[in-house]
Amino acid sequence: MIQPLMLAISFISPGLAWLGLGAISVPIIIHLLSKRPRKPQPWAAMRFLLAAFKKHKTRTRIEQLLLLACRCLILLLLGLALAGPMLDKMFGLGIIGASSRTVILVVDNSVTSATKTDTGEPRFDAIRKAAVKMVETLEPTDRLAIITAAEPVTAVIAKPSLNPDSFKGKIQNITPSASKANISKALTLALDSIKQVESENRPTYVALLSDFSNGSTPVGPGAASLDGELQQLGKKAVLMMLEPHRSTENVQITELTADQNVVIAKGSRDDTTGTPVVGWRLVLKRFSHDKTAGEQTGVEVKLRDDVVFERVVKWQNGETERRLDFNTPLSETGLYPVTARITTPDALDIDNSRTMLVRAKQKLNILILGAGRSATDQSPETFVDVALAPVADKLGYPLEVKQEDADRFNQKMLEEVDVIFVLRPDRIADNWKLLHRWASGGGLVWVTPPPTDTGIAWPPRMTGAFGLEQKWTFADAPLKHPKLLKFKSDDQTAEEFRRETDLPDLLKPLRVIQHLPVNYDSADTRTILTGEDGSNLMIATDVAPHGRLYYLAVAIDKNWSNLPISPFNPALIQHVVRTAIDRLQPPQIFEPGRQPSLSARWANIKKLDGPNNESVLLEINRTTQNGSPNASDPNNDPPSSNGTTPGQIVVRPSQPLLTPGIYSGGTSALVVNVNPDAGNTLRAPDEPLKKWLGTAGEWQSITRTEPEAVIMKMSELSDYGWELLWAVLILAIIEMFLARYVSHASTTHRTQGIENMAPNTAAKSN
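Visitor: Just to check I follow, could you spell out the overall build of the protein for this structure?
Guide: From N to C terminus, the protein includes 18 helices and 33 strands. Counting across all 766 residues of the protein, residues that qualify as buried make up 51%. Long-range pairs, those at least 24 residues apart, make up 77% of the contacts in the protein with a sequence separation of at least 6.

Visitor: Just checking my understanding: could you explain the side chain of S247 for this structure?
Guide: With respect to the helices and strands, the residue S247 is situated in the loop between β7 (238–242) and β8 (250–258). Polar contacts involving the side chain of S247 include one to the main-chain amide nitrogen of R683, which spans 2.8 Å. Sequence-distant contacts of S247, defined by excluding residues within four places in its chain, comprise R123, H289, T681, L682 and R683.

Visitor: Quick question: what am I supposed to make of the environment of D165 here?
Guide: Position of D165 among the secondary structure elements: in the loop between β5 (154–161) and α6 (168–172). In sequence terms D165 and D142 are 23 residues apart; their C-alpha atoms lie 9.5 Å from each other. Apart from the residues lying within four places of it in its own chain, the contact partners of D165 are V135 and E136.

Visitor: Explanation requested: the packing of aromatic side chains in the structure shown.
Guide: Working definition: an aromatic ring pair is given by the centre-to-centre distance plus the angle between the planes. Scanning the entire structure with this criterion turns up 6 aromatic pairs. With 5.2 Å between their ring centres and 80° between their planes, F474 and Y551 make a pair best called edge-to-face. Placement of F474 in strand β20 (residues 472–474) and of Y551 in strand β25 (residues 547–552) is noted, with a sequence separation of 77 residues between them. Here F474 matches Y551 in class, with each residue buried. R304 extends its terminal NZ or CZ atom over the ring of Y336, reaching a point 4.0 Å from the ring centre. Here the guanidinium or amino end of R322 rests over the ring plane of W315, the centre of that ring lying 5.9 Å away.

Visitor: Explain helix α10 (residues 432–440) to me, please; I cannot follow it from the model alone.
Guide: Three or four residues apart is the spacing at which side chains of an α-helix point the same way, because the helix has 3.6 residues per turn. Of all the 9 residues making up α10, 7 are buried; the element is thus mostly covered by neighbouring parts of the structure. Taken as a whole, α10 has its buried residues at W432, L434, L435, H436, W438, A439 and S440. On the buried face of α10, the contacting elements are β18 (419–422), β19 (444–447), α11 (458–465), β24 (536–543) and β25. The first or second residue beyond α10 is G442, which carries a positive phi of 125°.

Visitor: Even after reading the chapter, I still don't get the sheet that holds strand β3 (residues 102–107), so can you show me in this structure?
Guide: The strands that make up a sheet are held in pairs by hydrogen bonds between backbone atoms, and each pair lies either parallel or antiparallel. Across the sheet, 6 strands lie side by side as β5-β4-β3-β6-β7-β32; this open sheet has mixed pairing. Sheet topology places β5 and β32 (699–702) at the edges, where each strand pairs with a single neighbour. Averaged over all neighbouring strand pairs, the angle between strand axes comes to 20°, with direction disregarded. Judged from the 6 bridges that link them, β3 and strand β4 (residues 143–148) form a sheet pairing that is parallel.

Visitor: Is there a simple way to think about the side chain of R424 in this case?
Guide: Within the fold, R424 resides in the loop between β18 and α10. Only 2.9 Å separates the side chain of R424 from the side chain of D426, close enough to count as a polar contact.

Visitor: Just checking my understanding: could you explain the nonpolar core for this structure?
Guide: Most often, soluble globular proteins keep nonpolar side chains buried together rather than apart. Counting 67 residues, the largest nonpolar core has W432 and Y551 as its most contacted members. For this core, the element with the highest residue contribution is helix α14 (residues 568–583), accounting for 7 residues. W432 has contacts with V422, P425, V447, W458, R461, M462, A465 and F466, leaving out every residue within four places of it along the chain. Ranked by size, the runner-up nonpolar core spans 29 residues in total, among them L187, A190, V206 and W692.

Visitor: Explain the sheet that holds β8 here, please?
Guide: The strand order across the open sheet built from 3 strands is β8-β10-β13, with neighbouring strands paired in antiparallel fashion. In the strand order of this sheet, the two ends are held by β8 and β13 (321–329), each with one partner. The mean angle between the axes of side-by-side strands here comes to 20°, regardless of whether they run parallel or antiparallel. One ladder, built from 8 bridges, connects β8 with strand β10 (residues 277–287); its direction is antiparallel. The residue of β10 that forms the bridge with Q252 is K285.

Visitor: Got a minute to help me understand the packing of α10 against α11 in this structure?
Guide: In helix packing, the relevant descriptors are the interaxial angle and the interaxial distance, both defined with respect to the helix axes. The contact between α10 and α11 brings their axes to 8 Å, and the two run at 40°. It follows from the interaxial angle that α10 and α11 lie oblique. Here α10 runs over α11; the crossing is right-handed. Between α10 and α11, the contacting residues are W432, K433 and H436 on the first element and W458, R461, M462 and A465 on the second. Among the residues making up the contact of α10 with α11, the classes are represented as 4 nonpolar, 1 polar and 2 charged.

Visitor: What's the story with the environment of N352 in this structure? I'm lost.
Guide: Assignment of secondary structure puts N352 in the loop between β14 (334–342) and β15 (353–361). Sequence-wise, N352 and I253 are 99 residues apart; in three dimensions their C-alpha atoms are separated by 6.0 Å. A distance of 3.0 Å separates the side chain of N352 from the side chain of D346, its partner in a polar contact.

Visitor: What should I look at first to understand unusual backbone geometry in this one?
Guide: If a residue is not glycine, its phi is most likely negative; likewise, a peptide bond is most likely trans. Cis rather than trans, the peptide bond between E151 and P152 has omega equal to -5°. Along the polypeptide, P152 turns up in the loop between β4 and β5. With a phi angle near 55°, N163 is a residue other than glycine that sits in the positive phi range. Of note, F212 is a non-glycine position whose phi angle comes to about 55°, a positive value. Mapping F212 onto the fold places it in the loop between β6 (204–209) and α8 (233–236). The exposure class assigned to F212 is buried, which follows from its relative accessible area of 0%.

Visitor: Whenever I open this one, the pattern of salt bridges confuses me. Can you help?
Guide: Oppositely charged side chains are able to pair whenever their charged atoms sit close together. Per the stated rule, a full pass over the model turns up 26 salt bridges. In this structure, R101 engages D142 in a salt bridge whose closest nitrogen and oxygen atoms are separated by 2.3 Å. Of this pair, R101 sits in the loop between α4 (89–92) and β3 while D142 sits in the loop between α5 (123–136) and β4, placing them 41 residues apart in sequence. Judged by its relative accessible area of 1%, D142 falls in the buried class. Each of E136, D165 and K168 takes part in salt bridges that share partners, so that together they form one network.

What counts and how
- Residues numbered from 1 in each chain as written.
- Predicted model: local features only at pLDDT ≥ 70, side-chain atom pairs only at ≥ 80, totals over all residues.
- Heavy atoms only, no water.
- Helix = DSSP H or I, 4+ residues; strand = E, 2+ residues; numbered from the N terminus.
- Buried < 20%, exposed > 50% of the residue type's maximum accessible area, 1.4 Å probe, protein only.
- Contact = heavy atoms within 4.5 Å.
- Polar contact = N/O pair within 3.5 Å; in protein donor to acceptor, adjacent residues only side chain to side chain.
- Phe/Tyr/Trp six-rings, centres within 6.5 Å; stacked < 30°, edge-to-face > 60°.
- Lys NZ or Arg CZ within 6 Å of the ring centre and 35° of its normal.
- Pairing = 2+ DSSP bridges.
- Axes fitted to C-alpha atoms, helices over the stretch in contact; angles between N-to-C directions.
- Core = buried A, V, L, I, M, F, W, Y, C linked by side-chain atoms within 4.5 Å.
- Parallel < 35°, antiparallel > 145°, perpendicular 65-115°, else oblique.
- Left-handed = near helix turned anticlockwise from the far one by under 90°.
- Nonpolar A, V, L, I, M, F, W, Y, C, P; charged D, E, K, R; others polar.
- Salt bridge = Lys/Arg side-chain N within 4 Å of Asp/Glu carboxyl O.

This is the structure we're talking about:
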């Protein structure tokens, strides 16, 4: 990209300088071609011209050489001017002062920057010191911008500003973060900063200050290259990078996972204490350049404040990962924070712990929305209630079933509810949005048609609230065509359904008299049961981000089918309840530096209480027409992998969550953990790193011992591009007059000699 700074002259675009140098050959070639010998042609008056030519031959040759030199110099200076020459002041002789510069510092303060060196100081001290020393050598007329590369990527000084020495305090305030680096986004912000002052035509420099570890630089297999726009960065600025730090050994906890998100009291139990237990998986990862045997790492796990698991891991030769399995008892109802921590000191502390949440429940709460307690023994509510008894016996879960009038459905009924059976959807009215909000937080909703033929105004209300109005299409009225039920054999959910139960045999005597079918055009929707004619009789779809919606096209009524009194009914409900347990309020885990999208069940919570007495307010937004949140922060997480519907509630923290740990609000909580593999303190390989950064251009190395040297050398350079362009203009004017003087357009000085010679020649002839 540039020549070494030890030279007196360098170029921002050396290719143009070489092009200008090569262009000098053009007028020389033309000049030489004009000197080719020609065959003499006799002509009477030629003797006068030859006489004049011999008299002025020397002067004519000098004139032609001057014109040739002028033309060559024009091409050379034009190429040099466009190449962006940077000349040493000593060569400028002080006649023209140094041009003011724009310097952009990209400071990597991600996880590995906190790694301790052999002296016990974090790597970031060297990064910060390099930044300060570089700033101290700048002139007051230079412009400076500062960008931090750890998530959330932040422009500390977005627009390059004057008097850079006054911003040293901002550099001192930058500290190592618990979040991973996003160097690509940081360089994109640097490019944006350049564009803000590009019209000033200042020499521009981008200095990337990082330890360049594997944890901060994505240079491994499959790593995405810098985006297309960044390929222009090297054409707009001189690129410099701090010398990479050498490898350091480190151990990180990369995974802490529970076998169950929710533990029911009568589930798996400890043989000694009789209390319910949950299984855990803990994964340690070792980052070492030699991977020799004998190293030891101590680890402990705390359940709330009690140590429940301790182990010393002895690493084997070449071993890089170790998995540990253990159980913890859960004797009380509520959220259980479980924290794993490395007890052996190592080079990086911030990645030595990982937290997880598990919820213990004494029972599973089920709500049936129907006609209320006035229902008869033959009502759908009663059939479902009776069917739940064998389900509880078979699954071993204590169930608490409540029947409520769908007309009176409200927010209070949703407290501590895990599964909702909507048997009278025609009576939900305008509360479908409330039901959708609850389901999105991890609840499960099962909807069946009402046992009546009086109108079907409820389907569009339901699909509208759940964002399915363009995806689900209901029949205009229930269809009365007797048929058999069967599984959709090519559906994965149906395959699991069949494998877990004896439902295929239970389906054989089942008859459907009438049903309200639905067709769908959605990748998120799956068919579970079909009629013998292929019509959809039971479908399921995920409710972003964590819930699920089931629709059974047959009412739990003997006028619709023999399902209410069939053994298939409890088996079907068993599958639904089991699904609810598996999906029940899964813990939400995020990385530091993000503003995550939370489910709608957080909408009534005002703030989050985090670690170290940190408090973060929650903000409520609604998605726009394209399903994205109104917030424009680029560090925001998307609402969910499945997207959102226009107008859906999206809850976000008012600021990024920076500290690892538990953030709680009301009865809900979320976890922030350091990114797995972010603690890889090994030095990024030179060739992959060079290839990855090389997408943006050629990088010049900055030494960690004397980082200011490159800036000091920059201060001795002046950009003479504009001066050379003015010189080109002056030479062009001179060339124009000189060409006219030398050419035949003005021959007075030549013909005068010929006229003076004519009489003498005549006299001699006489």
